[in-house]
Amino acid sequence: PGDRYAQVEGLVRNAAQLGAKGLKGSRPVRVEILVSNFHALTFEAEALRADVGVHNVDFTIRVVDARTGEILAGPDAIEAAMPAMTGGRMIEARVHGETQRSQITAHLRKVIAGWLGTGPDVRGSFTRVGE
């Protein structure tokens with residue numbers, strides 16, 4: 001329940017802050033992200049026993065000089081889809097405190113860190129039935 005746009009904004013903002021954590025430089029910058037697609041599984045789809053479904057997150061990212069607005073990196077289109085847990089695997093994850101939100105946040109943190117060059121590119125290829 002609630003404002004989905006605000007929820008997605010908060011999730012992506014948190015993931016970006018975590019993904020950029022530890023970066024220090026002499027020039028103040030701003031990471032700008034524009035989400036074009038965000039689709040997580042419904043609870044009904046999550047309850048399915050088969051390993052199906054995908055969390056889709058597509059966005060454009062760039063880094064700009066915080067003072068001048070000069071574009072320093074990007075803009076780059078990022079496809080950050082990830083397989084969604086379903087059935088017993090997701091029930092077990094929830095028992096251990098994991099939610100779709102925490103899983104998607106962790107994945108986006110890694111994707112953004114990879115784009116910023118502070119970690120590997122975790123986006124892989126996979127085949128999965130999605131919506």
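Quick note: structure is the one above.
This one's a predicted model, so the numbers in the text were calculated from it and none came from an experiment.

Trainee: Before we go on, may I ask you to explain the overall build of the protein chain in this structure?
Mentor: When its secondary structure is counted, the protein chain shows four helices and four strands. Counting from the amino terminus, helix and strand elements in the protein chain follow one another as α-β-α-β-β-β-α-α. With respect to the principal axes defined by its C-alpha atoms, the protein chain has extents near 50 × 30 × 25 Å. Classification of the 131 residues of the protein chain by burial places 27% in the buried group. Summed over all atoms, the accessible surface of the protein chain reaches about 8,300 Å², with 54% contributed by carbon and sulfur. Side chains of the protein chain give 16 positive and 15 negative charges; the mean places of these two sets differ by 6 Å.

Trainee: Please clarify how the layout of surface pockets should be interpreted in this entry.
Mentor: Empty space among the atoms becomes visible once a probe the size of a water molecule is rolled across them. There is about 580 Å³ of room inside the largest pocket. Taken together, 17 residues line the largest pocket, and the ones lying closest to its centre are Arg4, Gln7, Phe38, Ala40 and Gln100. Of all the secondary structure elements, the ones that give two or more residues to the lining of the largest pocket are α1 (4-20), β1 (29-39) and α4 (100-116). Residue composition of the lining of the largest pocket, grouped by class: nine nonpolar, five polar and three charged. A volume near 410 Å³ is recorded for the second largest pocket. Contributing to the lining of the second largest pocket are 13 residues, with Glu9, Val12, Arg13, Ile33 and Val35 lying nearest its centre. Among the secondary structure elements, those contributing two or more residues to the lining of the second largest pocket are α1 and β1. Considering each element in turn, the lining of the second largest pocket owes the most residues, eight residues, to α1. Of the residues contributing to the lining of the second largest pocket, the split by class is 10 nonpolar, one polar and two charged.

Trainee: What is the right way to look at the side chain of Thr105 in this model?
Mentor: Examined against the element boundaries, Thr105 turns out to sit in helix α4. There is a polar contact of 2.8 Å between the side chain of Thr105 and the backbone oxygen of Arg101. Filtering out sequence-adjacent residues up to four positions away, Thr105 remains in contact with Leu11, Asn14, Ala15 and Leu18.

Trainee: I would appreciate a short explanation of α4 in the present structure.
Mentor: Look at α4: 24 Å from first C-alpha to last across 17 residues, which is about the 24 Å you get at 1.5 Å a residue. Turning to α4, its buried residues are Gln100, Gln103, Ile104, Thr105, His107, Leu108, Val111, Ile112, Ala113 and Gly114.

Trainee: Would you mind showing me how to read the packing of α1 against α4 here?
Mentor: The description of two helices packed together rests on the angle between their axes and the distance between the axes. For the pair α1 and α4, the least separation of the axes is 8 Å and the interaxial angle reads 45°. In terms of axis orientation, α1 runs oblique to α4. The crossing of α1 and α4 is right-handed. Mapping the contact onto sequence places Gln7, Gly10, Leu11, Val12, Asn14, Ala15, Ala16, Leu18, Gly19 and Ala20 in α1 and Arg101, Ile104, Thr105, Leu108, Arg109, Ile112, Ala113 and Leu116 in α4.

Trainee: Which parts of the structure should I look at to understand the nonpolar core?
Mentor: Ranked by size, the top nonpolar core spans 15 residues in total, and within it Val57, Phe59, Ile78, Ala80, Ile104 and Leu108 carry the most contacts. Those elements giving two or more residues to this core turn out to be α1, β2 (54-65) and α4. With five residues, α1 is the single largest residue contributor to this core. Look past the residues within four positions of Phe59 in its chain and what remains in contact with it is Ile33, Leu34, Val35, Ser36, Asp76, Ala77, Ile78, Ala80, Leu108, Val111 and Ile112.

Calculation criteria
Residues numbered from 1 in each chain as written. Predicted model: local features only at pLDDT ≥ 70, side-chain atom pairs only at ≥ 80, totals over all residues. Heavy atoms only, no water. Helix = DSSP H or I, 4+ residues; strand = E, 2+ residues; numbered from the N terminus. Buried < 20%, exposed > 50% of the residue type's maximum accessible area, 1.4 Å probe, protein only. Areas by Shrake-Rupley, 256 points an atom, 1.4 Å probe, with all protein chains shown as cover. Lys, Arg positive; Asp, Glu negative; His and termini not counted. Charge placed at Lys NZ, Arg CZ, Asp CG, Glu CD. 1 Å grid on protein atoms, 1.4 Å probe; cavity = no way out; pocket = protein on both sides within 12 Å on 5 of 7 lines; lining within 4 Å. Points joined across faces, edges and corners; volume = space filled by probe spheres on them. Nonpolar A, V, L, I, M, F, W, Y, C, P; charged D, E, K, R; others polar. Polar contact = N/O pair within 3.5 Å; in protein donor to acceptor, adjacent residues only side chain to side chain. Contact = heavy atoms within 4.5 Å. Expected span 1.5 Å × (residues − 1). Axes fitted to C-alpha atoms, helices over the stretch in contact; angles between N-to-C directions. Parallel < 35°, antiparallel > 145°, perpendicular 65-115°, else oblique. Left-handed = near helix turned anticlockwise from the far one by under 90°. Core = buried A, V, L, I, M, F, W, Y, C linked by side-chain atoms within 4.5 Å.

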